[in-house]
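# A structural walkthrough
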Amino acid sequence: MALKTGDHPTRILILGCGVLGGGVLDFLSQSGRDYDIHIGARDNQKVSLRANLARYTAANLGHHASIQVASVDLMDVEATAAYLAALQPDIIFNATTLHSWWVITQLPPAAFQRLDQARGGVWAAMHLVLVRRLMQAIQMAGVQTKVVNASYPDVTNAALAAENAAPLIGIGNIANAVPGIQLAAAHLLGCDVRRVAVRFFAHHFLSYRMPSIGGTDGAPYHLTFYIDGEALPTDAIDHGTVFATVAGRFRRVKGLAGQSVTASSATAVLRTLADGVDRVVHAPGPLGLVGGYPVRISAGGLSIDLPEGLSIDAALAINRACQKFDGIESVEADGTIRFMANSAAIIREEIGFDCPAVRLADCEEIAHELAAKFAEYRHAQLAKSDLTAA
């Protein structure tokens, strides 16, 4: 049963009904818990159709979840605040962004490969806008809610901390790499995967890159393995062999077709919060920190689950160093996101957009300009590809 909050089951609001938001809606509605689920997006017809799809699929599995829909435009802070004040959600899952990660993958291959070299951080302004507006609406409404953010939380959560508006925790990214690491370790150790646990510390770049190439490209991380709750010596299993096995024997479907892994990682966080259980999950951006961590969620709140011998300062240092591989030089105390020079140069040369850093106050203007430049670039690249094919 879902944890009761006041006189109602845990009320979960999902914002965004795309691939990720819809996937989380399915998992929650099929969970058998009596969550009070609400889903909101700008397009009321689209969100209504998606909610009905979730109702149908849940019903086929013997579940009849409570799902309510609403038209929500996060750019309208006052209207969003009024909606939140009336709804009083216990948990909000933000699955909105102005630039989904998969958009550049639909470019012609050569253009995608050039832009991909800039890494994910250069799109940070477009990930910031809607979640920042959401946090402003929450503050305006005065609601007490737990915000779980899917919009590049390795970076945006830390930036928003400068405005005392960091979401509680993120999802995906580091969490997406953990199942493969566990499966690979169990295979190499010759034991049941249920006996294996890990504590993995790394930024988005490594969790994105390692399962594809079977290595880290030199990006720093920390990884501790456990068997039956006991930590293994550092030399008990070779990390390079583990990573190669993830990208080999346990390679999975990626891209949009593999988005269920991200949706399931989000559902694990949401259900742990909703059910009030004590559990360790892996997640990015907890408590406004950069990068990804193992996080203990309990009735007392959140804490970083540190293995013996690793301090929180060392864990932060790993993620700050690892973020450079994602194109992020730093997330400064005032929330400014500063890009690595080579990443900024790629974007400048490819799409004609010159932006070495993003200040929070400027993120909407920057996002608007970046979106326009990218749209022009995409149109030109697709036209060029069509001419080549002809």
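Now for a quick tour of the structure. (Residues numbered from 1 in each chain as written. Predicted model: local features only at pLDDT ≥ 70, side-chain atom pairs only at ≥ 80, totals over all residues. Heavy atoms only, no water.)

### Notes on the layout of surface pockets
Approximately 370 Å³ is the volume found for the second largest pocket. Forming the walls of the second largest pocket are 16 residues, and the residues nearest its centre are V178, R279, V280, V281 and H282. Of all elements in the fold, only α7 (174-189), β9 (196-201), α10 (260-275) and β12 (279-284) reach the threshold of two or more residues within the lining of the second largest pocket. Here the lining of the second largest pocket is built from residues that sort into nine nonpolar, five polar and two charged. (1 Å grid on protein atoms, 1.4 Å probe; cavity = no way out; pocket = protein on both sides within 12 Å on 5 of 7 lines; lining within 4 Å. Points joined across faces, edges and corners; volume = space filled by probe spheres on them. Helix = DSSP H or I, 4+ residues; strand = E, 2+ residues; numbered from the N terminus. Nonpolar A, V, L, I, M, F, W, Y, C, P; charged D, E, K, R; others polar.)

### Comments concerning the sheet that holds strand β3 (residues 11-15)
Spatially, β5-β4-β3-β6-β7-β8 is the arrangement adopted by the six strands of the open sheet, whose pairing is parallel. Strands at the two margins of the open sheet, each flanked by one partner only, are β5 (66-71) and β8 (169-170). The sheet contact formed by strand β4 (residues 36-41) and β5 spans six bridges and is parallel. Following the sheet pairing, A41 is matched in β5 by S71. Packing against the sheet, helix α1 (residues 19-29) makes contact with β3, β4, β5 and β6 (91-94), and its axis sits at approximately 155° to β3. (Pairing = 2+ DSSP bridges. Contact = heavy atoms within 4.5 Å. Axes fitted to C-alpha atoms, helices over the stretch in contact; angles between N-to-C directions.)

### Examining empty space enclosed by the protein
The tally for this structure, following the rule as stated, stands at one cavity of 30 Å³ or more. At the level of secondary structure, the elements contributing two or more residues to the lining of the largest cavity comprise α12 (341-351) and α13 (363-389). A breakdown of the residues in the lining of the largest cavity according to their chemical character gives ten nonpolar, no polar and no charged.

### A short note on the environment of K146
Among the structural elements, K146 can be located in strand β7 (residues 146-149). Residues K146 and F93, spaced 53 residues apart in sequence, show a C-alpha to C-alpha distance of 8.5 Å. When sequence neighbours within four positions are dropped, the list of residues in contact with K146 reads D90, I91, I92, L168 and L273.

### A closer look at the pattern of salt bridges
Applying the stated criterion across every chain yields a total of 17 salt bridges. Its salt-bridge partner being R11, residue D36 comes within 2.6 Å of it at the nearest N-O pair. Within this pair, whereas D36 is found in strand β4, its partner R11 is found in strand β3, the two being separated by 25 residues in sequence. Classification of R11 by relative accessible area gives buried; the value is 18%. One salt bridge in this structure joins R296 and D278, with 2.7 Å as the shortest N-O distance. Placement of the pair is R296 in strand β13 (residues 292-298) and D278 in the loop between α10 and β12, with a sequence separation of 18 residues. On the basis of relative accessible area, R296 is assigned to the partly exposed category, the value being 29%. Since its relative accessible area comes to 51%, D278 is described here as exposed. If you follow the salt bridges from partner to partner, you end up with R199, D278, R296 and D305 in one network. (Salt bridge = Lys/Arg side-chain N within 4 Å of Asp/Glu carboxyl O. Buried < 20%, exposed > 50% of the residue type's maximum accessible area, 1.4 Å probe, protein only.)

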